[in-house]
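Structural overview
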Amino acid sequence: GVSVAVSTFSLVAIAIERYSAICNPLQSRAWQTRSHACRVIAGTWALAALLMLPYAVYSSTRPAAPRPPPAQCTHHWPSERVRQLWYVLLLLVLFFIPGVVMTVAYGLISRELYRGIRFELDVKREVAAQRGTGGDPAPSCDEGDGCYLQLSRPGAALELRALGAAAQQDRARINSSGAQLAAKRRVIRMLVVIVAMFFLCWLPIFAANTWRAFSPRAAQRALSGTPIAFIHLLSYTSACANPLIYCFMNRRFRKAFGATCAGWGCRRACPRRPPEDEPPMASASLSKFSYTTVSSLGPP
């Protein structure tokens, strides 16, 4: 029970801190430190142990039928009402409330990333439109009025080189923007899969436990054997689902995981370069600040 609660609380803490890092990046940098992470980890374990304390209080062993020697651990609740309230509490604290928090947090993150995607697409369209129309109409060079591309004037070669450098910077910026767009789309897909896997893995077991608390005989007839075994197996799957999701849907995670498995010696000999197709988390976290600042500094 403690391990299940720790897993759920950790997912909630990750969702909240991701929301703060992406939607409020400047404020989150002040408190998202290593010591804060240690306190959150310790708090999740303490809260999980406190929540599961009734299991330690109301559990005992009894001889297993039909042969007395083997014994099994069972729960002896003070009353049927207490048993029902307990499973409803677990349904709320370990499934419903965490599911709502994760859905809202990742929904807001996805909306923020989607806004950044739209903003960057608008910028790319504006740049493409300016290139297609050539920007402002160029003045005539017949009278020697200082045309920007006129090579016969002194220093025009330097201006042309400056123009070429600016064009290269624009192309590099567009390429980087395209990589950031692709990375943001992958992040959104990953967040959707994480929430979907949480509900898929945990909804059956909590629904089954609540059903057995209020209607034990009907639940026993419907779930005994293969159904309840499959439901428990599905809940166990959640323990390894998130690392696999991160590995297959996040290149940064794959590179870090591979570097960790390779050992410290290989990492010293072959330093790891940042991935080319995904921007750093800091730059992705500043997407809101970047486009809101640009829009607020524009003309009224």
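Per-chain numbering applies: the sequence of each chain, read as written, is numbered from 1 onward. Residue-level local features of this predicted model are given only where pLDDT is at least 70; pairs of side-chain atoms are given and counted only at 80 or more, and the full residue set underlies all totals for whole chains, interfaces and linings. Values reported for side chains reflect all heavy atoms of the structure, with hydrogen atoms and water molecules removed beforehand.

Focus: the environment of S28
The way it works is that DSSP assigns letters per residue, a run of H or I at least four long becomes a helix, a run of E at least two long becomes a strand, and they are numbered from the N terminus. Residue position: S28 is located in helix α2 (residues 25–31). Buried means the residue's accessible area, taken with a 1.4 Å probe over protein chains only, is under 20% of the maximum for its type, while exposed means over 50%, and partly exposed covers the values in between. On the basis of relative accessible area, S28 is assigned to the buried category, the value being 3%. In this structure the C-alpha to C-alpha distance between S28 and E17, which are 11 residues apart in sequence, comes to 8.1 Å. It only takes one pair of heavy atoms within 4.5 Å for two residues to be counted as in contact. If we skip the residues at most four places from it in the chain, S28 touches S20 and A21.

Side note on the environment of A49
Relative to the helices and strands, A49 is located in helix α3 (residues 34–51). Judged by relative accessible area, which is 36%, A49 ranks as partly exposed. Distance from A49 to V6, taken between C-alpha atoms, is 8.6 Å for residues 43 residues apart in sequence.

Looking at helix α8 (residues 226–249)
Helical geometry note: an α-helix holds 3.6 residues per turn, so side chains three or four residues apart project in the same direction. To estimate the expected span of a helix, count its residues, drop one, and scale the result by 1.5 Å. In a regular helix each residue adds 1.5 Å, so 24 residues correspond to 34 Å; α8 covers 32 Å between its end C-alpha atoms and thus fits that length. Values of bend correspond, residue by residue, to the angle between axes fitted over the seven residues ending at that residue and the seven starting there. C240 marks the point of greatest bend in α8, at about 45 degrees, and the proline P243 comes within the next four residues. Within the span of α8, buried status applies to I228, I231, L234, S235, S238, A241, N242, I245 and Y246.

So, the packing of aromatic side chains
Stacked, tilted and edge-to-face are the three classes applied to pairs of Phe, Tyr and Trp rings, where Trp contributes its six-membered ring and a pair requires centres within 6.5 Å; stacked means planes under 30 degrees apart, edge-to-face means over 60, and tilted covers the rest. Inspection of every chain in the model, using the stated rule, returns 9 aromatic pairs. Relative to F199, the ring of F95 lies with its centre 5.5 Å away and its plane at 80 degrees, an arrangement referred to as edge-to-face. You can see F95 sitting in helix α5 (residues 80–133) and its partner F199 sitting in helix α6 (residues 156–214), a full 104 residues away along the chain. With a relative accessible area of 29%, F199 lands in the partly exposed category. Taken together, a centroid distance of 5.9 Å and an interplanar angle of 50 degrees make the contact between W202 and F206 tilted. Placement of the pair is W202 and F206 together in helix α6, with a separation of 4 residues, close to one helical turn. Each residue in the set F95, F198, F199, W202 and F206 is aromatic and connected to the rest through ring pairs, giving one cluster.

As for the UniProt feature "transmembrane region" (unreviewed entry) in the protein
Under the local residue numbering, the UniProt record ascribes the feature "transmembrane region" (unreviewed entry) to residues 37–58, 85–109, 187–208 and 228–248. Here residues 187–208 is 100% helix and 0% strand, with 32 Å between the C-alpha atoms at its ends. Across residues 228–248, the secondary structure splits into 100% helix and 0% strand, with the terminal C-alpha atoms separated by 30 Å. UniProt positions are given in the numbering used here, feature names are shortened, and annotations may be inferred rather than shown by experiment.

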